[in-house]
Amino acid sequence: MSYEKHVYPRSVPSDVMPLWAAVMARFGLDVQFHPAFTLTSWGGGYVPCRLVVREGAFETAGRYGGGALSAGFEFDATIDPAEKALVLADYVSEMKDDGTPLPRALVRTLRASSAIFAFTHGGFSWTTAEFRVCWFAAAALAEVTGGLLFDEWHGGQGPAYVDGVTALRNAAERSLEFELSPDRPLDSWDIPPFHGWEP
């Protein structure tokens, strides 16, 4: 099973990459994205990241050690206006299982967004590092861009569109829940060290 998070930015700062990383660093995650990665130039697919977890930053931080680790997430950007309208129509129709429409103000906000940035992780088939980095990358981008994140989980309450502050809180709770889960595969803590970027 895989889980998606969609970010609808209000505006994307010209210096979004360092700002994005800085938000993640506030939560003890020193993340470097692949040097070729930008929000608009990546062709889709897995984004490799270098991760260092700061000691004591959260309850399970000690299990990550102090060295550089390999992590990442699946990423796709929908920027073309016509394509974005089609994708958004699908997402909005899937949001309300009971057939009731989304609030008009929310729909206007989503339509006004310049892009849809999709983050995907493979749930229990990925490492704890990938799970945590994917969640925080999506949440931090929502925070930096003043946008909204579509969260399928939202504290166990079901799907919701949330702001960056709420998304970051959910990222922390969900990551810790995964790391402490007795149902999590034991090899999810087998996080490969970072040896450099592949050519």
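Residues numbered from 1 in each chain as written. Predicted model: local features only at pLDDT ≥ 70, side-chain atom pairs only at ≥ 80, totals over all residues. Heavy atoms only, no water.

(A) Layout of the overall build of the chain. Helix and strand counts for the chain come out as 5 helices and 7 strands. In the chain, the order of α-helices and β-strands from amino to carboxyl end is β-α-β-β-β-α-α-β-α-β-β-α. A burial count over the chain gives 50% of its 199 residues as buried. Sequence separation of at least 24 residues holds for 71% of the intrachain contacts in the chain that already meet a minimum separation of 6. Here the chain has roughly 9,800 Å² of accessible surface; of this, 53% comes from carbon and sulfur atoms. (Helix = DSSP H or I, 4+ residues; strand = E, 2+ residues; numbered from the N terminus. Buried < 20%, exposed > 50% of the residue type's maximum accessible area, 1.4 Å probe, protein only. Contact = heavy atoms within 4.5 Å. Areas by Shrake-Rupley, 256 points an atom, 1.4 Å probe, with all protein chains shown as cover.)

(B) Just the side chain of Arg184, in detail. By the element assignment, Arg184 lies in the segment after helix H5 (164-180). Asp187 is the oppositely charged side chain nearest to the buried, salt-bridge-free Arg184, at an N-O distance of 7.0 Å. Only 3.4 Å separates the side chain of Arg184 from the backbone oxygen of Phe178, close enough to count as a polar contact. (Lys, Arg positive; Asp, Glu negative; His and termini not counted. Salt bridge = Lys/Arg side-chain N within 4 Å of Asp/Glu carboxyl O. Polar contact = N/O pair within 3.5 Å; in protein donor to acceptor, adjacent residues only side chain to side chain.)

(C) Spatial organisation of the pairing of strand S5 (residues 116-121). Within S5, 6 of the 6 residues are buried, which leaves it mostly tucked inside the rest of the structure. Of the two faces of S5, both are covered, the one formed by Ile116, Ala118 and Thr120 as well as the one formed by Phe117, Phe119 and His121. Pairing geometry for strand S1 (residues 3-8) and S5, over 5 bridges, is antiparallel. Bridge assignment links His6 to a residue of S5, and that residue is Ala118. Pairing geometry for strand S4 (residues 69-78) and S5, over 5 bridges, is antiparallel. (Pairing = 2+ DSSP bridges.)

(D) Expanded view of the environment of Ala167. Position of Ala167 relative to the elements: it lies in helix H5. Counting along the chain gives 17 residues from Ala167 to Phe150, while the straight-line C-alpha distance between them is 8.9 Å. Not counting the four nearest positions on each side in its chain, Ala167 is found in contact with Ala139, Leu149 and Val162.

(E) Broad picture of the nonpolar core. Core analysis: the biggest nonpolar cluster contains 47 residues, and Trp20, Met24, Phe73, Phe75 and Phe119 have the highest contact counts within it. If you tally residues by element for this core, the top one is helix H4 (residues 128-144), at 13 residues. Those residues in contact with Trp20, other than ones at most four positions away along the chain, are Phe33, Phe37, Leu39, Phe119, Ala137, Ala140, Leu141 and Val144. Ranked by size, the runner-up nonpolar core spans 11 residues in total, among them Leu102, Leu110, Ile116 and Phe150. (Core = buried A, V, L, I, M, F, W, Y, C linked by side-chain atoms within 4.5 Å.)

(F) Expanded view of the packing of H4 against H5. Two elements in contact, H4 and H5, have axes separated by 8 Å at closest approach and are oriented at 175°. As far as their axial angle goes, H5 and H4 are roughly antiparallel. For the pair H4 and H5, the contacting residues are Thr128, Phe131, Arg132, Trp135, Phe136, Ala139, Ala140, Ala142 and Glu143 in the first and Gly164, Val165, Ala167, Leu168, Asn170, Ala171, Ala172, Arg174, Ser175, Leu176, Phe178 and Glu179 in the second. Classifying every residue of the contact of H4 with H5 gives 13 nonpolar, 4 polar and 4 charged. (Axes fitted to C-alpha atoms, helices over the stretch in contact; angles between N-to-C directions. Parallel < 35°, antiparallel > 145°, perpendicular 65-115°, else oblique. Nonpolar A, V, L, I, M, F, W, Y, C, P; charged D, E, K, R; others polar.)

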